[in-house]
Amino acid sequence: MEEYPEELRTPPVTLASLVGCPELHPLISTHLLSEQPPINTLALPDFSKISLFNKKVDPDSTATSPSPSLGILKRDWLLKHRTKLPSVLAVLFPAHHLAADPAYWLQLCSHLDFIKTVVRGRNIKFVIVVVIQTNADEISEDRMIALRKRAEVDAKHVVVLNPNDTSELKQTLHRHAHCGLHSLFFSALFKGTCFEFLTVVSWSRLASSISELAVAYYREEGRRIKQRIEKKNISSVELIVRYCFKVAVYAEFRSDWTEALKFYEEAYHTLREIVGVTTRLPAVQRLVEIKSISEQLHFKISTLLLHSGKVTEAVTWFRQHKNAYKRLVGAPEGIFLHWEWMSRQFLVFGELLETSSKIIQGISPIIQATSSKPLTEWEYYSAYYYQLAAHYLSEKRSALELTISMSETSNEIDNVADSVVPSVYVGQFTRLLEQGDKVDMLPLTDEEYIRYAVSEGKRFQDSLEIIVLLKKAYESFNSMKIQRVSSFCGFQMAREYFAEGDISNAKQIFDSIASLYRKEGWVTLLWNVLGYLRECSRKNGTIKDFVEYSLEMAALPISADTGVQRDSGPAGPANLRQREIVHNEVFELVGGASGLETNEHPSNLNITGDESLQLEVDLVSPLRLAMLASVAFHEQTIKPGTSTLITVSLLSHLPLTVEIDQLEIQFNQSKCNFFIANAKKTQSSNGIQQHRTETAPSLSLESKKWLRLTHDIQSDQSGKLECLSVIAKIGSHLTICCRADSPASLDSVPLWTLDGCVQTVPIKDPILVLSGQKSTQVEEPDPQVDLHLGASGPALVGEIFLVPVTLVSKGHDVYSGELKINLVDVKGGGLFSPRDSEPYATDSHHVQLLGISGPEGEDDSQLYSDKIKKIQQSFGLISVPILKNGDSWSCKLEIKWHRPKPIMLYVSLGYTPYCNELNAQSVHVHKHLQIEGQTAIVLNHYYLMPFRRDPLLLSKNKQASEFGQSESLPLNQKNVLIVSAKNCTELPLRLKSVSIEVEDDAEKTCSIQHGSEELLNPCLIVPGEEFKKIFLVSSNMNISKLKLGTVCLRWRRDLGVEEQSASTSTLSWVVTKQKLPDVNVELPPLIVSFECPPYAIVGDPFTYYIRISNQTQLLQEVKYSLADAQSFVLSGYHDDTVHVLPKSEHILSYKLVPLVSGMQQLPKFSMTSVRYSAAYQPSNSSNSVFVFPSKPHFKAAVSTNNRVESVANE
């Protein structure tokens, strides 16, 4: 499409000319070019240049003349209307020429007369622009009317322009773009309106006036041409094509796409009728002209259809265009011109499809009424057209080569082609004849034109253009995941690279295509590709690639002739005979024979005497066609030192029998490797043979027949014994290494499933066919070492739990011993990543292997530096010293639980019973033990208020309705904190201390009082028992939150009978910590205190005091009540309302007479604060007293009295 001129490729753009005031031409041109649609300008330096627009003699005006037309379309007609012949002429006059010296006015009138004379001949429209330089310039109404009448134009085509006011040009145009200013302009123009408003209107009117006049010009020109067509008295059919083309172009100028499409189609159909009728030019040139014009018309039609979104119509039109001219080949000597023209049609339409913004993806085929068959989906892809463009260009190249070869037989030297130039008409060429200063244009004969076309064809490299087209199609199909067609395009592109000598690019593309053909089973196509790859390897001198491609070709499932092949490439026809030729050629090469080089295929392949060639055949290699190896052990498990049978089977699809010199069977245990020699071949003894060698009567591998070989094998090393590969040595240079397959998992070669032959099995035993494997398991020898794991009871969270491990040799010496330790979660949840919400989850593992301690008396530093190899969180590896028969060795595993979790402890011992034997057999002993992890102690705490002194805490009233409120304590009061520790295990524990620790960097917000942190003697806590300790907590700081710290508990297991002899200083204690939650601190507004005797006597009255203390600066109104009690008779108010002054207290006193003995509840007191709407009720513990039946008499010692008194006080 780039070959087309710009005026054909782009839509027509209106052309306007400017004359007068040349200094304003750039500004006006820029403004007009920014309009939508844009307007191009042609600036004339002075008025004398207007004569360039004078009308010349129009040959079309003589349409009724009997003389035929010289051509159909002029080559530069469209360019002339785009760049030379304007539709509108804008005449600029300064304002002072209208209002100043009469001489200026006379000159202005003279210019107008001259302009009218010129433009009327061309029907060019013109607009008058009056340029105002300053706002002081004034134009009288009479002079403006005179100017309009002199120019003979409408008032709307006279524009007043102020070029100095351009700062707001864009803003004003945007602001007034949709305003109806036309009527305002005329009234303002002739009534002396301010020039600022006039400028705004003039800029917008300048563009609109030019656009309006241009549309009128093109409409009138199109109407004038259409009248000629409608008269139907045109003598030449060529003129009808020309007129329709012009009408369509004029319609495009004014954006009338419907009319443009209509007349382009009419011109196209009329042109098609000319074929075979006109005799104006010689036959070849006549056809070239018609095709050139039809190409331009088709381009215009396709562009209009695609840009209007009519993709299906555009594709249908192209099909009709292709079918209309496909058979118009022309003379045989010029057939290459036809193929070149066809290639260009497909290329251009493909580019139009690709660049069109209206293409809809995934369009289904639509049956057209005018089409004999529906459109295919391919016709909507641009890659389809690129591919066919390359095809027709290839046809052109072949035809051109044939024409050149025929013309080279004559020795004529013709220089006519050097003087041939394009004619003034589209599709025509003439010959320049220079005679002195005179140049004549002479017509060409068809023979001369063919010579010119041939010389032009020689200048271009069609192969490079074909590669570009195929590459575009290849990439486009690839992007759409259409692999098969993409591979076909890639194959053609690779052939072009190969023909051009670009072997590297050709081989790269051939390799990618071959992989797809192998996958999908396109045997014949793969044959052709492999033939090219063979030649690429031959040219590059890569012997290995040449042999691999040759063996794959020879093994392809081609048994008979596949039929007539148009172009099989260097591989030759795909048949059995050609396969045998390839087979013999490759084995002669690897066998050391020479003479592979021919005139047709020059070769630089050779193998020196010491050079070897090894081919790898894995499970996905294409060489599995050439050779396939299957290995089966007859037993799945064997004892060390015992022999078993193994069957090695080989299969080849090569057309001829292959004679193998030697087979090498390789295993993962190199000691088991062995050789199978061919008894018919002489074996060379190069060096000492390290492995055993078996002899087979024959190692002839026939086509499609299994070669089965069964031998015994023995292994002394436990573990997996697997056959890795089978290496076949053929001749003195070639070895083929085949990865071993199991019969049970052997997959057939995909390509050979299409051959139709009966599939055979690699082994005759039907059981081994289904279950045979290429590996067997060699069992370990029985261990003669005892491994014992000892553990006492469950493990407790926080302590270091010791697990004794004992080794006792009972028959084997232990060398190179290694002890492996693994900790595994029993439930499968893992030992890693504790929950972040759990307190003190700083350890990365729930259960952690800390270390391994050696036996008593052994130096631990030596153990860790010399023997321990690796210790991780849940894995350990330690070396075991040398043990003789009867010796023992022990160690202890140190394991720590951070969470209560059961684990499985796995301990494995690996050793060799021999000292100096290299690669000695290892023996393993395995033991496991499940250990439960339990939480030892559970800490709890709670708070108590001072005895019979209860504060009114407002936050406690909110806690009933709000969930999650923290504990609240009164300010300036001593509160009791009780911490309890409960033994949750089945083991007795020893408790050393209970304390509360405060962080060092934390601010001290309270005072905590308690006794000694450590107990004098570690306290024994039996299972289920709970230990309590009391702390006094008080705070005098006016803060909202109180941070108490962390409870620290030190404990350990009780050692039982060893407890008395154990030293307390050497024992390790476990520290359990629990952070106390923060508590709220608030000043209670009221405090209620109760006072009564420590005990009472039945029938004896006593005084019961209730003190209500106001802690605030406000007067408090309190409502209280005292309920009756069955155990007491009381006197006093049962309910009342009192007022307590600020910072004072109110005392309520009652007389109570006990009626019943024992622990009795005092009358229940309740109180409500009116100000805070808060109720209060004392606790039951502070509202009880013990009543004696009679007065007690104590007759005891002092110590006893003291004891009784203390009890009574309690």
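You'll find the structure just up there.
Residues numbered from 1 in each chain as written. Predicted model: local features only at pLDDT ≥ 70, side-chain atom pairs only at ≥ 80, totals over all residues. Heavy atoms only, no water.

Colleague: So what about the overall build of the chain? Which residues, and what values?
Modeller: The secondary structure content of the chain amounts to 26 helices and 55 strands. Buried positions account for 47% of the 1210 residues belonging to the chain. For the chain, long-range pairs separated by at least 24 residues make up 74% of all intrachain contacts whose partners lie at least 6 apart in sequence. Within the structure as shown, the chain displays about 61,100 Å² of accessible surface, and the carbon and sulfur contribution to it stands at 51%. (Helix = DSSP H or I, 4+ residues; strand = E, 2+ residues; numbered from the N terminus. Buried < 20%, exposed > 50% of the residue type's maximum accessible area, 1.4 Å probe, protein only. Contact = heavy atoms within 4.5 Å. Areas by Shrake-Rupley, 256 points an atom, 1.4 Å probe, with all protein chains shown as cover.)

Colleague: Quick rundown of the nonpolar core? Include the residues and the values.
Modeller: The biggest cluster of nonpolar side chains holds 220 residues, and the ones touching the most others in it are L89, F126, I128 and F667. Within the second largest apolar cluster, 32 residues are counted, among which are A795, W889, V907 and Y911. (Core = buried A, V, L, I, M, F, W, Y, C linked by side-chain atoms within 4.5 Å.)

Colleague: Provide a residue-level description of the environment of L929, including the pertinent values.
Modeller: For L929, the position within the fold is in strand β31 (residues 923–931). On the basis of relative accessible area, L929 is assigned to the partly exposed category, the value being 24%. Here L929 is in contact with L789, A791, I903, M904 and L905, once residues within four sequence places are set aside.

Colleague: Could you give me a rundown of unusual backbone geometry, with the residues and numbers involved?
Modeller: Following Q36, the chain continues to P37 via a peptide bond in cis, the omega torsion being 0°. With respect to the helices and strands, P37 occurs in the loop between α2 (25–33) and β2 (39–44). At K481, a residue that is not glycine, the phi angle is positive and equals roughly 60°. Mapped onto the fold, K481 is located in the loop between α17 (462–479) and α18 (483–500).

Colleague: Help me get a handle on the sheet that holds strand β51 (residues 1145–1154), residues and values and all.
Modeller: Spatially, β34-β45-β47-β51-β49 is the arrangement adopted by the 5 strands of the open sheet, whose pairing is antiparallel. Whereas interior strands pair on both sides, the edge strands pair on one side only; in this sheet they are β34 (949–951) and β49 (1128–1131). The average angle at which neighbouring strand axes cross in this sheet is 25°, direction not considered. Taken together, the 3 bridges between β34 and strand β45 (residues 1086–1091) define a ladder with antiparallel strand orientation. Across the sheet, residue D950 finds its bridge partner in β45, namely V1088. (Pairing = 2+ DSSP bridges. Axes fitted to C-alpha atoms, helices over the stretch in contact; angles between N-to-C directions.)

Colleague: Please provide a residue-by-residue account of the pattern of salt bridges, values included.
Modeller: A full pass over the atoms with the stated rule returns 41 salt bridges. Two residues, R538 and E535, come together in a salt bridge whose shortest N-O distance is 3.2 Å. One end of the pair, R538, and the other, E535, are both in helix α20 (residues 523–540), 3 residues apart, so they sit about a helical turn from each other. Judged by relative accessible area, R538 falls into the buried class, the value being 2%. (Salt bridge = Lys/Arg side-chain N within 4 Å of Asp/Glu carboxyl O.)

Colleague: Before we move on, could you go through a negative patch on the surface and cite the residues and values that matter?
Modeller: Residues E2, E3, E340 and E465 make up a contiguous surface patch of negative charge. Examined against the element boundaries, E3 turns out to sit in the segment before α1 (6–9). Looking at E3, the relative accessible area reads 68%, which means it is exposed. (Patch = residues over 30% accessible without salt bridge, like charges linked within 9 Å, V, L, I, M, F, W, Y side chains within 5 Å. Lys, Arg positive; Asp, Glu negative; His and termini not counted. Charge placed at Lys NZ, Arg CZ, Asp CG, Glu CD.)

Colleague: Which residues make up the side chain of S715, and what values go with them?
Modeller: One can find S715 in the loop between β18 (707–714) and β19 (719–730). Relative accessible area serves as the criterion here: at 1%, S715 is assigned to the buried category. A polar contact is formed between the side chain of S715 and the side chain of Q669, at a distance of 2.6 Å. Polar side-chain contacts of S715 include one of 3.3 Å to the backbone oxygen of Q717. If we skip the residues at most four places from it in the chain, S715 touches K639, P640, G641, T642, Q669, C672, L721 and V778. (Polar contact = N/O pair within 3.5 Å; in protein donor to acceptor, adjacent residues only side chain to side chain.)

Colleague: If you had to explain the packing of α18 against α20 to someone new, which residues and values would you point to?
Modeller: The N-to-C vectors of α18 and α20 enclose an angle of 25°; their axes lie 12 Å apart at closest approach. Classed by the angle they form, the pair α18 and α20 counts as roughly parallel. The crossing of α18 and α20 is left-handed. Contacts between α18 and α20 pair F491, R495 and F498 from the former with N528, V529, Y532, E535, C536 and K539 from the latter. Of the residues belonging to the contact of α18 with α20, the class tally is 5 nonpolar, 1 polar and 3 charged. (Parallel < 35°, antiparallel > 145°, perpendicular 65-115°, else oblique. Left-handed = near helix turned anticlockwise from the far one by under 90°. Nonpolar A, V, L, I, M, F, W, Y, C, P; charged D, E, K, R; others polar.)

Colleague: Outline helix α19 (residues 503–520), listing residues and values.
Modeller: Taking 1.5 Å of rise per residue, 18 residues should cover 26 Å, and α19 covers 26 Å from first to last C-alpha, within 8% of that figure. All of the buried residues along α19 are I503, A506, K507, I509, F510, I513, A514, L516 and Y517. Packing partners of the buried residues in α19 comprise α18, α20 and α21 (543–554). Directly beyond the C-terminal end of α19, a positive phi value near 80° is found at G521. (Expected span 1.5 Å × (residues − 1).)

Colleague: Quick rundown of a nonpolar patch on the surface? Include the residues and the values.
Modeller: On the surface, I800, L802 and L850 cluster together into a nonpolar patch covering about 240 Å² of accessible area. By relative accessible area, I800 is classed as partly exposed at 48%.

Colleague: How would you sum up the environment of S718? Please name residues and give values.
Modeller: Here S718 is to be found in the loop between β18 and β19. By relative accessible area, which is 13% here, S718 ends up buried. Taking the C-alpha atoms as reference points, S718 and G641, 77 residues apart in sequence, are found 9.6 Å from one another. Discounting chain neighbours no more than four positions away, the residues touching S718 are Q669, V778, E779, E780, Q921 and S922.

Colleague: Give me α20: which residues, what numbers.
Modeller: Across its 18 residues, α20 extends 25 Å between first and last C-alpha, which sits within 8% of the 26 Å expected from 1.5 Å per residue. Among the 18 residues in α20, 14 count as buried, and that is most of the element. Note on α20: the residue one or two positions beyond its end, G541, has a positive phi of about 75°.

Colleague: Please provide a residue-by-residue account of the packing of aromatic side chains, values included.
Modeller: Applying the stated criterion across every chain yields a total of 37 aromatic pairs. A centroid spacing of 4.3 Å and a plane angle of 5° characterise the contact between Y218 and F253, whose relative ring orientation is stacked. You can see Y218 sitting in helix α9 (residues 195–231) and its partner F253 sitting in helix α10 (residues 237–253), a full 35 residues away along the chain. Judged by centre distance (5.5 Å) and plane angle (40°), the rings of F429 and Y449 are tilted. A residue pair is termed long-range when its members are at least 10 positions apart, and F429 in strand β7 (residues 429–435) and Y449 in helix α16 (residues 446–459) qualify at 20 residues. No difference in accessibility class separates F429 from Y449, as the two residues are buried. Taken together, the aromatic side chains of W77, Y217, Y218, F245, Y250, F253 and Y264 make up a single cluster linked through ring pairs. Directly above the aromatic system of F674 lies the positively charged group of R692, at a separation of 4.5 Å from the ring centroid. (Phe/Tyr/Trp six-rings, centres within 6.5 Å; stacked < 30°, edge-to-face > 60°. Lys NZ or Arg CZ within 6 Å of the ring centre and 35° of its normal.)

Colleague: Tell me what's going on with the pairing of strand β30 (residues 903–912), and back it up with residues and numbers.
Modeller: For β30, the tally of buried residues reaches 9 of 10 residues, placing the bulk of the element in the interior. Bridge count between strand β25 (residues 815–825) and β30: 9 bridges; the pairing is antiparallel. Along β30, the bridge assignment pairs V824 with M904. In terms of strand pairing, β30 meets β31 through 9 bridges, oriented antiparallel. Across the sheet, the residue bridging to V907 is K927, located in β31.

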